[in-house]
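# Reading the structure
Here is how the chains run, residue by residue.
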Number of protein chains: 2
Amino acid sequence: MTAGSPLVAALDHAGHRLTGPRRAIADLIAERGASTFTAADLVADVRSRRLGIGRATVFRAIDLLVAVGAVERVDLRTGEHAYVACVPAHHHHVICSRCARTVEIGDLGLGALARDVARRTGYRIDEHRLELHGLCPACQRAVALA
Amino acid sequence: MTAGSPLVAALDHAGHRLTGPRRAIADLIAERGASTFTAADLVADVRSRRLGIGRATVFRAIDLLVAVGAVERVDLRTGEHAYVACVPAHHHHVICSRCARTVEIGDLGLGALARDVARRTGYRIDEHRLELHGLCPACQRAVALA
DNA sequence: GGTCTTGTCGAGACTCAGTATCACTGCGCA
DNA sequence: TGCGCAGTGATACTGAGTCTCGACAAGACC
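Now for a description of the structure that goes with this document. (Residues numbered from 1 in each chain as written. Chains lettered and ligands numbered in written order. Predicted model: local features only at pLDDT ≥ 70, side-chain atom pairs only at ≥ 80, totals over all residues. Heavy atoms only, no water.)

### Overview of empty space enclosed by the protein
Quick reminder of the rule: The rule is simple: put a 1 Å grid over the protein atoms alone, call a set of points where a 1.4 Å probe fits but cannot get out a cavity, call an open set with protein on both sides within 12 Å along at least five of seven lines a pocket, and count a residue as lining if it has an atom within 4 Å of a point. Grid points are joined across faces, edges and corners, and a volume is the space filled by probe spheres set on the points. Each helix corresponds to a stretch of at least 4 residues labelled H or I by DSSP, and each strand to a stretch of at least 2 residues labelled E; elements are numbered beginning at the N terminus.
Here the structure, examined in full by the defined rule, presents two cavities of 30 Å³ or more. Its boundaries defined by the atoms lining it, the largest cavity holds a volume of some 60 Å³. Looking at the largest cavity, the residues that line it are Asp75, Arg129, Leu130 and Glu131 of chain A together with Asp75, Arg129 and Glu131 of chain B. Those elements that place two or more of their residues in the lining of the largest cavity are strand 5 (124–135) of chain A together with strand 5 (124–135) of chain B.

Right, here's the structure in full:
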């Protein structure tokens, strides 16, 4: 979980130092798996586990992980900024509005769609982002039972 | 520009009072046309024109316009929240990263795509959001000349 | 191992968007 | 005319994120 974390590996691969705080934050993120988390969640985690890591360092580590593509920022329906650990390849997210669990989906032909939009609008499309919000299977069951 | 603004009409249609501050804010937004703006932009506008409208009122008016569907929130690449005046029908935005001008595009078959994702992931998709970022024709020319 | 450079660190002050509260105003309605 | 209530401005507050600065530690080099 420590040396093997793909997040740590991504930092290493990008030529960044593998310091204690960065490893600790990468581990905390890895523990969350496919669930989204906010910067505030991480800060609270760090504090509750008494890791002795400063707030600014948490923000710096997140920025770094976003920069190397190991973490991606997503916007929740509430307007909050959240993050998810993910593979660096181009993809999109399906986000559960109830438990924040995400599933990554491939490009789904959006590249072609973006080119079509570029042709029709005259815009040069540099980036596209698709976010799907809904309920994961587990939460659908939970809601049905409630 | 005052009584005829579609923003004011949308408020009226939804049964909200058409007060002075609301009209003024709707006009300010209408003036921006298809450009995105942040709440801070509006607050600065209100202040510079000495309209005597409070900050809280600006936020309340934006919330109201978002609620009636006359304004939509978009997330800029910088992570900022911005807004655009738009038609209430389901659509997506192409946003210029340089001048913030937007173009609305239709659903583009994303509904079908969302259903496909739902089938594959087991998620119940309630909402989808596509944002395309790039350069509008004018900014492409400007960049080419610079 | 010792030293040096430089990136990273924690602490804490700061900024700023957005929210909450509260007393006041003015419109609609009986 | 009086009442109720939505809407308002002012202001305090909250919380996310940034900035600064002195201290420290990782890694390169000898």
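### Some remarks on the protein's contact with DNA strand D
Formally: A single heavy atom is enough: if one lies within 4 Å of a molecule or strand, its residue is considered near that molecule or strand. Think of a polar contact as two N or O atoms within 3.5 Å of one another; within protein, one of them needs to be a possible hydrogen donor and the other a possible acceptor, and neighboring residues in sequence only count if both atoms come from side chains. Ten residue types, Ala, Val, Leu, Ile, Met, Phe, Trp, Tyr, Cys and Pro, are classed as nonpolar, four, Asp, Glu, Lys and Arg, as charged, and the remainder, Gly among them, as polar.
Neighbouring residues of DNA strand D: 18 residues in total, closest Arg55 of chain A together with Thr19, Arg22, Thr57 and Arg60 of chain B. Counted by atom, the contact set of DNA strand D within 4 Å of the protein is 58% sugar and phosphate. Contact between DNA strand D and Arg55 of chain A: a base nitrogen at 2.5 Å from a side-chain N or O atom of the residue. Here Thr19 of chain B contributes a side-chain N or O atom positioned 2.2 Å from a phosphate oxygen of DNA strand D. Looking at the surface near DNA strand D, the elements that each hand over two or more residues are helix 3 (39–48) and helix 4 (55–67) of chain A together with helix 2 (20–31) and helix 4 (55–67) of chain B. If you tally residues by element for the surface near DNA strand D, the top one is helix 4 of chain A, at four residues. Residue composition of the surface near DNA strand D, grouped by class: seven nonpolar, five polar and six charged.

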